[in-house]
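Each chain, written out:
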Amino acid sequence: MLQNEEGETTSHLMGMFYRTIRMVENGIKPVYVFDGKPPQLKSGELAKHTERRAEAEKQLEAAQEAGEVENIEKFNKRLVKVTKQHNEECKKLLSLMGIPYVDAPCEAEATCAALVKAGKVYAAATEDMDALTFGTPLLLRHLMASEAKKLPIQEFHLSRALEDTGITQEQFIDLCILLGCDYCETIRGIGPKRAIELIRQHRSIKEVLDNIDLKKYPVPENWLYKEARQLFLEPEVVDLNDIELKWQDPDDEGLVAFMCGEKQFNEDRIRNGAKKLAKNRHGSTQG
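Predicted, not measured: the structure shown is a model, and the values here were computed from it.

(A) Quick look at the environment of Arg200. Along the chain, Arg200 turns up in helix α9 (residues 192-202). Residues Arg200 and Gly166, 34 residues apart in the sequence, show an inter-C-alpha distance of 7.6 Å. When residues no more than four places from it in sequence are discounted, the contact partners of Arg200 are Asp164, Thr165 and Ile167. Separated by 2.9 Å, the side chain of Arg200 and the backbone oxygen of Thr165 make a polar contact.

Here's what the structure looks like:
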């Protein structure tokens, strides 16, 4: 974690600065999409996040008392919370770097998928497989991973996944709901292998429920699978007619004023980064 002189954690800015430069150097023109409000159905999932956070806080306290350096770092990472201020700072940094961003009205992955489907961008890069459920034709994972991890980038083509499993996009959505999504619980006893067998055989969750032994596979009370399906089929996304993506030259002096003047980062590093951005903006085509 990087801290400036006031001790404020600013690793999110440096991480974004260097990751973005690395992508631009490799001929990629990134667009960042920021989450909007979570759908009402996600409240259960958000409550679980709060529980996990409280648990991590307890474990961090125990690790600090025992002086376990590795565990202190591990639980600290789990407690990093993206605040509104973090997001605003990231947007300011991107504007100064000349990199476009989009504010999603709801789930960022849904807007990413809509941008790919509309041909505005080439692929959605996220660790969240929900982007495929929202219908992105191409998903890239590990694009943002740190170089130290040396993770190969994974490429998922939705059409190939559907072809290989022999199901439609709507059936794929039902499969994802059975496997577990952010909007509703799963049916106890139905794992991945059983779930795909059931969808192939019965073609929809409704038909699955009509044909399985409900004593053996108890369905959660008030199971909102229809509402979850609707959220995947018709998510709230950005108005694509309003989206015009423009990559521009970085504002060197603005970057120095923000990153060095306000955030106390090293000026040479920021100016070198800005030079790389400008050079690659004019010298590369998207591959």
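(B) Quick peek at the packing of helix α1 (residues 11-25) against helix α4 (residues 84-97). Where α1 contacts α4, the two axes come as close as 10 Å, and the packing angle between them is 35°. In this structure, the crossing between α1 and α4 has a hand that is right-handed. Of the residues in α4, those in contact with His12, Leu13, Met16, Phe17, Thr20 and Ile21 of α1 are His86, Glu89, Cys90, Leu93, Leu94 and Met97. By residue class, the composition of the contact of α1 with α4 is eight nonpolar, three polar and one charged.

(C) Representation of the pattern of salt bridges within the structure. Under the defined criterion, the tally for this structure stands at 13 salt bridges. A salt bridge links Glu197 to Lys193; the shortest N-O distance between them is 3.7 Å. Residue Glu197 and its partner Lys193 are both found in helix α9; the two are separated by four residues, about one turn of the helix. A relative accessible area of 36% means that Glu197 is categorised as partly exposed.

(D) Just the nonpolar core, in detail. One finds Phe172, Ile177 and Trp223 to be the most contacted residues of the largest nonpolar core, which totals 33 residues. Among the secondary structure elements, those contributing two or more residues to this core are α5 (108-117), α6 (130-133), α7 (158-165), α8 (169-179), α9, α10 (205-211) and α11 (225-233). Per-element tally for this core: the top contributor is α8, with six residues. Membership of the second largest hydrophobic core comes to 25 residues, among which are Met14, Ile21, Ile270 and Leu277.

(E) Just the sheet that holds strand β3 (residues 124-125), in detail. Pairing in this open sheet of three strands is mixed, and the strands run β3-β4-β5 from one edge to the other. Among the strands making up the open sheet, the edge pair consists of β3 and β5 (154-157). Bridge count for β3 against strand β4 (residues 138-141) is two bridges, and the pairing is parallel. Its bridge partner lying in β4, Ala125 is registered against Leu140.

The rules behind the values
Residues numbered from 1 in each chain as written. Predicted model: local features only at pLDDT ≥ 70, side-chain atom pairs only at ≥ 80, totals over all residues. Heavy atoms only, no water. Helix = DSSP H or I, 4+ residues; strand = E, 2+ residues; numbered from the N terminus. Contact = heavy atoms within 4.5 Å. Polar contact = N/O pair within 3.5 Å; in protein donor to acceptor, adjacent residues only side chain to side chain. Axes fitted to C-alpha atoms, helices over the stretch in contact; angles between N-to-C directions. Left-handed = near helix turned anticlockwise from the far one by under 90°. Nonpolar A, V, L, I, M, F, W, Y, C, P; charged D, E, K, R; others polar. Salt bridge = Lys/Arg side-chain N within 4 Å of Asp/Glu carboxyl O. Buried < 20%, exposed > 50% of the residue type's maximum accessible area, 1.4 Å probe, protein only. Core = buried A, V, L, I, M, F, W, Y, C linked by side-chain atoms within 4.5 Å. Pairing = 2+ DSSP bridges.

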